[in-house]
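Summary of the model geometry
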Amino acid sequence: MDERVREHARTLVDWSARIEAGDDVVVQVGEGAHDLAVAVAAELGERGANLVTLYQSGEVSRAYLRAHDGEFESDPEYELSLYENADSVLSLRADRNATAMADVPSERSQASSRARQGIREARLATDWVATVHPTRAMAQSAGMSYEAYRDFVYDAMLRDWESLAEEMAQLKTILDEGDTVRLQKAGGPVETDLTMSIAGRTAVNSAASVTYDSHNLPSGEVFTAPYDTAGEVFFDVPLTVEGQRVRDVHLSFEGGEVVDWSAEQGAGALESVLTTDAGARRLGELGIGMNRGIDRFTDSILFDEKMAETVHLAVGRAYDDCLPEGESGNDSAVHLDLITDMSGESSLTVDGEVVQRNGRFRWEE
């Protein structure tokens, strides 16, 4: 076994999930994640945790959903009880076929998802962490050789997370104490000049650990929930939305809402998201990538949004962790992250003070 797999497992169990003796742990094993699952099981055994493993496969899900009549039982008790009694859920994602679910009718997938809302909420109430184990299918989707993709994944994951958490804490403090963020960027068909309020909001130091309210490995971003957005923004990092390639997105904001939008490619998919509901045309997240172990875009939001020298804005749902207790943020059925590359002529300012210029933070200069 590649020693990096064992290191990945140790990082997941110790740093990310903070597993202790006696913890009841559910491990969801993707069909290509056998080696990682073996390594994780060994780590859990050494720590005296209790283990239940579940097998996850896109092809298995496809077979079930295509054969089902679409009338799903709501939150089956036997599965709901498992998550309600779990301390941690570790999701080891590893697709062998990234498009295994492509021919499942969308209304059937949506019906299944709606029927499992209680199960999903119970899982999210645990100390859950999602990670990925590299597979050839994932490498192909990223346009990379399998060997190069494995190196890319482990460079992103096997970081000095404690040091990165300390660095990101500087940005969290600035955002927590700030009132107004301004994002400016030259170049492209539209120059970005966007302002947004963050007063009263709490930023999350997403340092790949439940201790930091962070549930992804890899991570490496600081994010908050903006509002009162105004101005223009251009996103130059391509992404896939509803199976369609979307690139060169331009959004115009007035009074906190998107009032005009366009895309050089995939305009229909973009419009479908923005017209989902009223909240889909407002921002739910401002995220700033800080993981320098991620050095290229791979059309995987788990990695792309964490890449250093990027900023992402999400239209749709805001995260409760960023909101004052008792306050509701932007509500929507969608949350779509759009990314802009800040490595060129650009600046990010908070209350008029430059925090990042041309992709470099002021403490890096």
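Read on for an overview of the structure. (Residues numbered from 1 in each chain as written. Predicted model: local features only at pLDDT ≥ 70, side-chain atom pairs only at ≥ 80, totals over all residues. Heavy atoms only, no water.)

Observations regarding the overall build of the protein
Assigned secondary structure in the protein consists of 11 helices and 19 strands. Against the compact-globule benchmark of 21 Å for 365 residues, the protein has a radius of gyration of 20 Å, which places it among compact chains. For the protein, buried positions account for 50% of its 365 residues. Sequence separation of at least 24 residues holds for 72% of the intrachain contacts in the protein that already meet a minimum separation of 6. If you sum the accessible surface of the protein, you get close to 16500 Å²; carbon and sulfur atoms cover 42% of it. Distance between charge centroids for the protein: 5 Å, based on 32 positive and 68 negative side chains. (Helix = DSSP H or I, 4+ residues; strand = E, 2+ residues; numbered from the N terminus. Rg over C-alpha atoms; globule rule 2.2 N^0.38 Å. Buried < 20%, exposed > 50% of the residue type's maximum accessible area, 1.4 Å probe, protein only. Contact = heavy atoms within 4.5 Å. Areas by Shrake-Rupley, 256 points an atom, 1.4 Å probe, with all protein chains shown as cover. Lys, Arg positive; Asp, Glu negative; His and termini not counted. Charge placed at Lys NZ, Arg CZ, Asp CG, Glu CD.)

Here we look at the pattern of salt bridges
For the structure shown, the criterion picks out 22 salt bridges. R4 is the partner of D151 in a salt bridge, and the nearest nitrogen-oxygen pair spans 2.8 Å. On the criterion of sequence distance, the pair formed by D151 in helix α8 (residues 146-157) and R4 in helix α1 (residues 3-16) is long-range, its members being 147 residues apart. (Salt bridge = Lys/Arg side-chain N within 4 Å of Asp/Glu carboxyl O.)

Observations regarding the nonpolar core
The biggest cluster of nonpolar side chains holds 84 residues, and the ones touching the most others in it are V40, Y149, L175, L251 and F303. Broken down by element, this core gets its largest block of residues, 7 residues, from helix α9 (residues 161-177). Not counting residues up to four positions away in its chain, the partners in contact with Y149 are P134, T135, M138, A139, A142, M144 and F303. One finds V26, V89, A122 and A130 within the second-largest nonpolar core, a separate group that totals 9 residues. (Core = buried A, V, L, I, M, F, W, Y, C linked by side-chain atoms within 4.5 Å.)

Considerations on the environment of S88
By secondary structure assignment, the location of S88 is in strand β3 (residues 88-93). You can call S88 buried: its relative accessible area is 2%. A sequence separation of 42 residues divides S88 from A130, and the C-alpha atoms of the two residues are 11 Å apart. Residues contacting S88, with those up to four places away along its chain left out, are A17, I19, D24, V25, V26, T126 and D127.

Comments concerning the sheet that holds strand β14 (residues 283-289)
Judged by pairing direction, the sheet is antiparallel, and its 5 strands sit side by side in the order β7-β9-β14-β15-β16 without closing on themselves. The outermost strands of the open sheet, each flanked by one partner alone, are β7 (204-206) and β16 (335-341). Each neighbouring strand pair of the sheet contributes to a mean axis angle of 20 degrees, computed without reference to strand direction. Across 7 bridges, strand β15 (residues 310-316) lies against β16 in antiparallel orientation. Each residue of the ladder has a partner; that of H312, found in β16, is I339. (Pairing = 2+ DSSP bridges. Axes fitted to C-alpha atoms, helices over the stretch in contact; angles between N-to-C directions.)

What to know about the environment of A169
Among the structural elements, A169 can be located in helix α9. Each C-alpha atom of the pair A169 and A207 lies 9.4 Å from the other, and the pair is 38 residues apart in sequence.

Some thoughts on the environment of T180
Here T180 shows up in strand β5 (residues 180-185). With a relative accessible area of 38%, T180 lands in the partly exposed category. In this structure, the C-alpha to C-alpha distance between T180 and P226, residues 46 residues apart in sequence, is 9.0 Å.

What about the pairing of strand β10 (residues 227-235)?
Looking at chain direction, strand β6 (residues 192-197) and β10 are connected through 4 bridges and run antiparallel. Across the sheet, the residue bridging to S197 is Y227, located in β10. Inspection of the sheet shows β10 paired to strand β12 (residues 244-254) by 5 bridges, in the antiparallel sense. Counterpart to E232 in the pairing with β12 is S252.

Quick notes on the sheet that holds strand β4 (residues 129-132)
With parallel pairing, 5 strands are arranged side by side in an open sheet as β2-β1-β3-β4-β8. Each edge of the open sheet is held by one strand with a lone partner, namely β2 (50-56) and β8 (216-217). The pairing of strand β1 (residues 24-30) with β3 spans 5 bridges and is classified as parallel. In the strand pairing of β3, V25 is matched with S88.

Some points on the packing of aromatic side chains
The description of an aromatic ring pair rests on the distance of the ring centres and on the angle between the ring planes. Applying the stated criterion to the full structure yields 6 aromatic pairs. Ring geometry for Y64 versus F72: centroids 6.4 Å apart, planes at 50 degrees, classification tilted. When its relative accessible area of 17% is taken as the criterion, F72 is described as buried. Among the aromatic residues, ring-to-ring pairing joins Y149, F152 and F303 into one connected group. Positioned above the aromatic ring of W15, the side-chain terminus of R18 is 4.5 Å from the ring centre. Directly above the aromatic system of W128 lies the positively charged group of R123, at a separation of 5.7 Å from the ring centroid. (Phe/Tyr/Trp six-rings, centres within 6.5 Å; stacked < 30°, edge-to-face > 60°. Lys NZ or Arg CZ within 6 Å of the ring centre and 35° of its normal.)

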